[in-house]
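Residue strings, one per chain:
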Amino acid sequence: MLFVQIAVWPKLSSLITLRQIQTTASKCAEIPNPKKITSDMIGPPDPVSNLRKIIFKQPSNETQLEKQYRKLRSEIQNWNHDFWTQHNSRFFQEREEYLKRNLPEGKQNLTADEMSVFYKAFLDKNWTSHIAYNKEWYRKNFTLLLLSLQIKLRKLLRIK
Amino acid sequence: MSYIKVIQCKLCLKSSTAAISKKSVLLKIGKDTIPNQIARISTSPDWRNKSLTASIKVTSSAKKDKNAVQDTRDWKETPSLERHNNVGQYCMMLSKFRLTSLVVMTSMAGYALAPAPFELTTFAMCAVGTGLVSAAANSINQYHEVPFDAQMSRTKNRVLVKGLLEPTHAIGFAAATSATGLSLLYFGVNPLTAALGAGNLFLYTSVYTPMKRMSILNTWLGSVVGAIPPLMGWAGCTGSLDAGALVLGALLYSWQFPHFNALSWNLRPDYSRAGYRMMAVTDPALCRRVALRHTGVITGICLASTYLDVTNMWFALESLPLNIYFMYLAWDFYRKSDSASSRRLFRFSLLHLPALMLLMLVNKKYWSSSETHDQKEPSKTQDIGKLSEPKRISVLPRGPIVTAQEKDASPSC
């Protein structure tokens, strides 16, 4: 399956329409109301950032720590989403430009070898941004883990 | 059953397309005989994804029979409300079951090939311990990689990406498995094996995982990670590492290159976008060269293993056709560099390793429980091995015996 996909990557324009279709579709499917749900809800993958959005439950008896955790999760989720949306759109846009520049008349696709030049260039160009993102993500992810463990531990002790 | 599988494998090689690979997926579901298990073991994410979705389908259809509802909603609870019913399946997904099986298999081969006496309990503890540590490593890896995994079709169906479990579950699972695994290795096998396991756990989760996005060197480091489990098996048996252990380690190290380079070849667009600095993307020519080079190294190691007293002469002969075909496929990949040749190389690598390890076992030089060994070391084994001392102590002094054996054996070669 993967191998076929190389040839049929959706172009940016079609991707955007796809996104519009999906967002309208998911609006039809109703985004859950954070005040009504009893557990967090996860949606389908975003067509550009590829991340699945989570709607965090917001119960009325939320503790201070839980509130802090929810806010931070939501913040980090948006941060992740922004990074990958920008990054992936840049990828498709630059890929399109590369194709335009290098595609000979009457051909639809470049060979995998010809495309690999672009893949390498794109990877090299984004090296620093990836490293910075990676570091920041590890830090944020660890903070989330500590908070969530703290909440779990408190819940456990209170029950006992 | 085993015959059916062998025929299937041959078909796979000859016509090498999706139609037949689907057949083997079909076979994989729900059959658990040992030959099938072996044939199924792969680090192939492609296989993994397919079979996982297949198994999900199976369970969901089973659920459908019971409840007559299927979850087709856009928004689902996270973590999944079904998680208590699917604990086993989710744990398998966290531990990357197929990859862990391969790791356990190489570690078992390492144990079985080592020249010290074979002890079933130590062997079992070594295998289970290695498996648990590997499961922990894969679980921690998934905790770190959620947004990256979401980017690639190869990995986008992992448990944490889909929100079936929470990161705390993954970390909890990793803490439990690594603690049990490492204590099994430390108290049940020996400290050296436990140290290798702990070192590899650290190397994989804290060095290799971030390095994938930093440097092209990640593949070499990943190969070291792959080469340590057979050393753990060997150390678990003999209590030390020697030239013989290096044969298996080097074999595993070299095997990773044709295997992984061929796999990554067709994933270049995904790797480029997700920021993975894989050799296939950053230096495609080197990627093909290294794959070819290491199939040559594997051939060399197999020939040399006779001289290092791990296997007999027959192994050198019997492994030759396997290795020559492996080299041919790598050469083909090197020359054509298209997706068909890389896929052929990747598929064959999955058969090549189990076949090679099987041949090594069949042609092992010293069978520890065999007469030759007992005749050689009758007094020493009685002295140390079988006294009713605690296990750890009975295992530890094996090092000197092995070195003594090596000395005994060395003049003959």
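The paragraphs below set out a description of the structure included in this document. (Residues numbered from 1 in each chain as written. Chains lettered and ligands numbered in written order. Predicted model: local features only at pLDDT ≥ 70, side-chain atom pairs only at ≥ 80, totals over all residues. Heavy atoms only, no water.)

1. Digging into the overall build of chain A
For clarity, the threshold we go by: Numbering goes from the N terminus for both helices and strands, where a helix is a DSSP run of H or I of at least four residues and a strand is a run of E of at least two. With residues, only the protein chains shown are counted as cover, and all accessible areas are computed by Shrake-Rupley using a 1.4 Å probe.
Helices and strands together make up the secondary structure of chain A, namely 5 helices and 2 strands. Across chain A, helices and strands are ordered from the amino to the carboxyl terminus as α-α-β-β-α-α-α. A total of about 10100 Å² of accessible surface is found on chain A, and carbon and sulfur atoms cover 59% of it.

2. Remarks on the side chain of T205 of chain B
Residues and elements named next belong to chain B. Selection criterion: Burial here depends on accessible area, computed with a 1.4 Å probe over protein chains only, as a share of the maximum for the residue type. Under 20% is buried, over 50% is exposed, and the range in between is partly exposed. Any pair of N or O atoms that falls within 3.5 Å is considered a polar contact. Within protein, one atom must be able to donate a hydrogen and the other to accept it, and sequence-neighbouring residues count only if both atoms are side-chain atoms. For this analysis, residues touch if any pair of their heavy atoms sits within 4.5 Å.
Looking at the secondary structure, you find T205 in helix α9 (residues 191–211). Its relative accessible area of 6% is what places T205 among the buried residues. Within the structure, the side chain of T205 is placed 3.4 Å from the side chain of S206, a separation counted as a polar contact. Those residues in contact with T205, other than ones at most four positions away along the chain, are A137, I140, N141, H144 and P210.

3. Considerations on the sheet that holds strand β2 (residues 52–55) of chain A
The strands that make up a sheet are held in pairs by hydrogen bonds between backbone atoms, and each pair lies either parallel or antiparallel. Quick reminder of the rule: A pair of strands is labelled paired if DSSP reports no fewer than 2 bridges between them.
Reading across the sheet, the 3 strands line up as β2(A)-β1(A)-β1(B) and stay open at both edges, with antiparallel pairing between neighbours. In this open sheet, the two edge strands, each paired with only one partner strand, are β2 of chain A together with β1 (76–77) of chain B.

4. Looking at the environment of L185 of chain B
Residues and elements named next belong to chain B. Structurally, L185 can be placed in helix α8 (residues 167–189). By relative accessible area, L185 is classed as buried at 0%. Linking L185 and D74, residues 111 residues apart in sequence, is a C-alpha distance of 45 Å. Apart from the residues lying within four places of it in its own chain, the contact partners of L185 are M125, C126, G129, T130, V133, N190, T193, A194 and M232.

5. Section: the packing of aromatic side chains
To be explicit about the condition: Two rings from Phe, Tyr or Trp (for Trp, the six-membered ring) form a pair when their centres sit within 6.5 Å of each other. Planes less than 30 degrees apart are called stacked, planes more than 60 degrees apart edge-to-face, and all others tilted. Note on criteria: charge over ring means Lys NZ or Arg CZ within 6 Å of the ring centre, with the direction from the centre no more than 35 degrees off the ring normal.
Considering all chains together, one arrives at 26 aromatic pairs over all chains under this definition. Arranged with centres 5.0 Å apart and planes meeting at 20°, the rings of W79 of chain A and Y133 of chain A form a pair that is stacked. Highlighted residues: W79 of chain A in helix α3 (residues 64–102) and Y133 of chain A in helix α5 (residues 127–159), separated in sequence by 54 residues. We classify Y133 of chain A as buried; its relative accessible area is 3%. When the ring of Y111 of chain B is compared with that of F118 of chain B, the centres are 5.6 Å apart and the planes differ by 90°; the resulting orientation is edge-to-face. Aromatic ring contacts, followed pair by pair, group F91, F92, Y98, F118, Y119 and F122 of chain A into a single cluster. Between the NZ or CZ atom of R213 of chain B and the centre of the ring of F148 of chain B, over which it lies, the distance is 3.6 Å. R213 of chain B extends its terminal NZ or CZ atom over the ring of Y276 of chain B, reaching a point 5.4 Å from the ring centre.

6. Digging into a nonpolar patch on the surface
Residues and elements named next belong to chain A. Keep this limit in mind: Like charges within 9 Å and nonpolar side chains (Val, Leu, Ile, Met, Phe, Trp, Tyr) within 5 Å are joined into patches, using only residues over 30% in relative accessible area that form no salt bridge. Each salt bridge in this description consists of a side-chain nitrogen of Lys or Arg and a carboxyl oxygen of Asp or Glu lying within 4 Å of one another.
A surface patch of nonpolar side chains, about 280 Å² in accessible area, is lined by F142, L146 and L149. Positionally, L149 belongs in helix α5. A residue is classified by how much of its surface remains accessible, and L149, at 39% relative accessible area, is partly exposed.

7. Let's talk about the nonpolar core
Residues and elements named next belong to chain B. Cut-off, in case you're wondering: Working definition of a nonpolar core: buried Ala, Val, Leu, Ile, Met, Phe, Trp, Tyr and Cys residues. They are joined through side-chain atoms within 4.5 Å.
Counting 99 residues, the largest nonpolar core has L251, Y271 and M360 as the members making the most contacts within it. With 11 residues, helix α11 (residues 243–265) is the largest single contributor of residues to this core. Those residues in contact with L251 that lie beyond four places of it in its chain are I298, I301, C302, L356 and M360. One finds Y90, L94, A170 and I171 within the second-largest nonpolar core, a separate group that totals 13 residues.

8. Section: unusual backbone geometry
One can expect most non-glycine residues to show negative phi and most peptide bonds to be in trans. Looking along the chain, the bond that leaves T78 of chain B and enters P79 of chain B is cis, with omega of -5°. Considering the arrangement of structural elements, one finds P79 of chain B in the loop between β1 and α5 (87–94). One non-glycine residue with positive phi stands out, namely N50 of chain A, at about 65°. Its place among the elements puts N50 of chain A in the loop between β1 (41–45) and β2. Phi at S337 of chain B is positive, roughly 50°, even though this residue is not glycine. In this structure, S337 of chain B sits in the loop between α15 (313–336) and α16 (339–362).

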